[in-house]
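For reference, the chains in residue letters:
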Amino acid sequence: MMARTPEATTTVRPPARARRTLLATGALVAAALTGACSGDSGGTAAPPEVPVLQELGTPEGRLDLVAWAGYAENGTNDPKVDWVTPFTKATGCKVYTKVADTSDSMVALMKTGRYDGVSASGDASLRLIYGGTVAPVNTGLISSWEDIAKYLKNQPYNSAAGRMYGVPHGYGANMLMYRTDKITQRPTSWSVVWDKESPAAGHVVAYDSPIYIADAALYLKTHRPDLKINDVYELDDEQFDAAVNLLKQQRPNVNQYWANYLDELQSFKSGYNYAGTAWQVTANLAMTDKAPVATTIPDEGATGWSDTWMISSKAQHPTCMYKWMNWITMPKVQAEVAQWFGEAPANPKACRYTAKGFCSTYHVGDPEFYKRLAFWKTPVKDCGDDRGNKCVDYSRWAQAWTQIKG
């Protein structure tokens, strides 16, 4: 990933503006966490029993979605980018999309019961599952189910009690991006963003989200083996405090906390910042504009995100939602979404329809690459091991993040 392929750059466009920030402040977080997090934080309890759709009925003619910007394009942003209108023509389901720019906002919106489905990231999905907000998916009704990459199925962020709670959509890594004119040797460690003596000190960018605490835990997992960190989202008090302290030590190094990746893009292009967490799409756009940047995944690995389409437990248009989950995982549609947004499609057969070089750039169908990533997962009290319910849940992550930033 030292240099981009020209082909990859031509397929990645600047889509909608803000993707998945987690602004853990005020009433939004209170609304998002009330009930849902209390349900999943216990961890040992099974998810609420929610009926699973057994067969498709007649399409209801309407579909209400909560989605990340760029996931349900209908030609409004670009007349050439439209997979919603063909869906409506094929199914009779007219799509109404509520764009949400934070996972917390998605949780809050889905709790209202007004929406049929959501494109949830792993830092929201467990809250939706254990809050009874979403239903398990009958994978037998998903025509492309067998084609979806196996390593995206039955994961801790999209399943519970042996049942899938959604259909994988796409995924990506939180990569290390750096200015090659400021840091001439490819960094092999995330120390470039953590060390006080780093050549990037004072010019570091960090993701503006409580989930970024996991990035600190990932670094400590290698460099503080005495902490015995296994899962960076299952931190007991000692491990959590160490991660928070590392982030507080990093604070003077950070020149920018970014929520909108286009803000980060601008700061790298201008030379304002030298190194930090980024998505591959950000690097591609920067290199399109001739900025001297490159990306890498250091020896410690990286965190990442994997999105899942989930159906509401109160869906008023369940058949249309299943029709959508079938549509959005078809190879050609997956290719359209992935290239517009800048991510790896969940269905590797999409590569038949992507531009040359795209799938290699995004490591599509590469399980070894996948294994190097710690995908976002909602932190809960259940540590998932013999420690029991001694781990720090998401509400405390959100509180700590406010303190870290000051």
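Our structure's up above, just so we're on the same page.
Everything in this summary refers to the structure shown in the same document.

Definitions and limits used
Residues numbered from 1 in each chain as written. Predicted model: local features only at pLDDT ≥ 70, side-chain atom pairs only at ≥ 80, totals over all residues. Heavy atoms only, no water. 1 Å grid on protein atoms, 1.4 Å probe; cavity = no way out; pocket = protein on both sides within 12 Å on 5 of 7 lines; lining within 4 Å. Points joined across faces, edges and corners; volume = space filled by probe spheres on them. Nonpolar A, V, L, I, M, F, W, Y, C, P; charged D, E, K, R; others polar. Disulfide = S-S within 2.5 Å. Helix = DSSP H or I, 4+ residues; strand = E, 2+ residues; numbered from the N terminus. Buried < 20%, exposed > 50% of the residue type's maximum accessible area, 1.4 Å probe, protein only. Expected span 1.5 Å × (residues − 1). Arc of directions from axis to C-beta. Pairing = 2+ DSSP bridges. Polar contact = N/O pair within 3.5 Å; in protein donor to acceptor, adjacent residues only side chain to side chain. Contact = heavy atoms within 4.5 Å. Salt bridge = Lys/Arg side-chain N within 4 Å of Asp/Glu carboxyl O. Core = buried A, V, L, I, M, F, W, Y, C linked by side-chain atoms within 4.5 Å. Domains from an automatic or database assignment. Axes fitted to C-alpha atoms, helices over the stretch in contact; angles between N-to-C directions. Parallel < 35°, antiparallel > 145°, perpendicular 65-115°, else oblique. Left-handed = near helix turned anticlockwise from the far one by under 90°.

For the rest of this paragraph, the subject is empty space enclosed by the protein. Evaluation of the coordinates by the stated rule reveals 2 cavities of 30 Å³ or more. By volume, the largest cavity amounts to about 120 Å³. Considering the residues around the largest cavity, the lining is formed by 15 residues, among which Gly-172, Ala-173, Met-175, Gln-280 and Tyr-362 are closest to the centre. Grouping the constituent residues of the lining of the largest cavity by class yields 9 nonpolar, 5 polar and 1 charged.

Going through the model one piece at a time under the given rule, you end up with 3 disulfides. Each sulfur of the disulfide joining Cys-93 and Cys-320 lies 2.0 Å from the other. Since a negative S-S torsion denotes a left-handed disulfide, the Cys-93-Cys-320 link at about -85° is left-handed. With a gap of 227 residues between them, Cys-93 in the loop between helix H4 (84-91) and strand S2 (94-99) and Cys-320 in helix H12 (residues 318-328) connect regions that are remote in the sequence. Given a relative accessible area of 0%, Cys-93 falls into the buried group. With its sulfur 2.1 Å from that of its partner, Cys-383 forms a disulfide with Cys-391. The sign of the S-S torsion, about 120°, decides the handedness of the disulfide formed by Cys-383 and Cys-391: right-handed. With a relative accessible area of 0%, Cys-383 lands in the buried category. Using a relative accessible area of 5% as the deciding quantity, one classes Cys-391 as buried.

This part takes up helix H16 (residues 394-405). Here H16 spans 17 Å end to end across 12 residues, near enough to the 16 Å set by a 1.5 Å rise per residue. Those residues of H16 that sit buried are Tyr-394, Trp-397, Ala-398, Ala-400, Trp-401 and Ile-404. One side of H16 holds all its buried residues, which, seen down the axis, span an arc of 165°. With respect to the buried face of H16, the exposed residues turned more than 90 degrees away are Gln-399 and Gln-403. Positive backbone phi, approximately 75°, marks Gly-406, located one or two places after H16.

Further remarks concern the pairing of strand S9 (residues 204-207). The side chains of a regular strand alternate, first on one face of the sheet and then on the other. What you see with S9 is no split at all: Val-204 and Ala-206 on one side and Val-205 and Tyr-207 on the other are buried throughout. In the sheet, S9 pairs with strand S10 (residues 254-258) via 4 bridges, with the strands oriented parallel. The partner of Val-204 across the bridge, within S10, is Val-254. Inspection of the sheet shows S9 paired to strand S11 (residues 275-278) by 2 bridges, in the parallel sense. Residue Val-205 lies in a different strand from S11, and its bridge partner there is Gly-276.

Moving on, we come to the side chain of Asp-236. By the element assignment, Asp-236 lies in the loop between helix H8 (213-223) and helix H9 (237-250). Given a relative accessible area of 17%, Asp-236 falls into the buried group. A polar atom in the side chain of Asp-236 sits 3.3 Å from the backbone nitrogen of Glu-238. Ignoring anything within four residues of it in the chain, the contact list for Asp-236 reads Arg-387, Lys-390, Cys-391 and Val-392.

A word on the pattern of salt bridges. When the charged atoms of two side chains with opposite charge come close together, those side chains can pair. Enumeration over the complete set of coordinates arrives at 14 salt bridges. One salt bridge connects Lys-377 with Asp-231, and the closest N-O pair in it is separated by 2.6 Å. Taken together, the residues Lys-377 in the loop between strand S15 (373-375) and H16 and Asp-231 in the loop between H8 and H9 connect sequence positions 146 residues apart. With a closest N to O distance of 3.0 Å, Arg-387 and Asp-385 form a salt bridge.

Let us now look at helix H10 (residues 261-270). Residues of H10 that are buried include every one of Tyr-261, Leu-262, Glu-264, Leu-265, Ser-267 and Phe-268, and no others. On its buried face, H10 is in contact with strand S8 (175-179), S9, S10, S11, helix H11 (280-288) and strand S12 (293-296). Two or three places before Leu-262, at the start of H10, stands the capping residue Asn-260, its side-chain oxygen 2.9 Å from that residue's backbone nitrogen.

Soluble globular proteins tend to bury their nonpolar side chains together. One finds Trp-83, Trp-194, Ile-213, Trp-309, Trp-324, Met-325 and Trp-397 to be the most contacted residues of the largest nonpolar core, which totals 134 residues. When residues are assigned to domains, this core turns out to be shared by domain 1 (62-170 + 307-365) and domain 2 (173-303 + 381-405), each giving three or more. Aside from chain neighbours lying at most four places away, what touches Trp-83 is Gly-70, Tyr-71, Ala-72, Glu-73, Trp-324, Trp-327, Ile-328, Val-333, Glu-336, Val-337 and Trp-340.

Right, let's get into the sheet that holds S10. Read across the open sheet, the 5 strands follow the order S10-S9-S11-S8-S12; overall the sheet is mixed. Taken across any chain shown, the strands that pair with only one partner, and hence form the sheet edges, are S10 and S12. Put simply, the sheet's adjacent strands are angled 30° from each other on average, direction ignored. Against the sheet, H11 contacts S8, S11 and S12, and its axis sits at roughly 160° relative to S12.

Relative to each other, H4 and H12 sit at 125°, their axes nearing to 11 Å. Considered as vectors, H4 and H12 are oriented oblique to each other. In terms of crossing hand, the pair formed by H4 and H12 is right-handed. Contact with H4, carried on its side by Val-84, Pro-86, Phe-87, Ala-90 and Thr-91, involves Cys-320, Lys-323, Trp-324 and Trp-327 of H12 and no other residues of that element. Taken together, the residues of the contact of H4 with H12 sort by class into 7 nonpolar, 1 polar and 1 charged.

The backbone phi angle of Asn-154 is positive, close to 55°, even though this residue is not glycine. Positive phi, normally seen in glycine, also occurs at His-363, with a value near 55°. Tracing the chain through its elements places His-363 in the loop between helix H14 (358-361) and helix H15 (367-371). Among the residues examined, His-363 registers a relative accessible area of 18% and is labelled buried.

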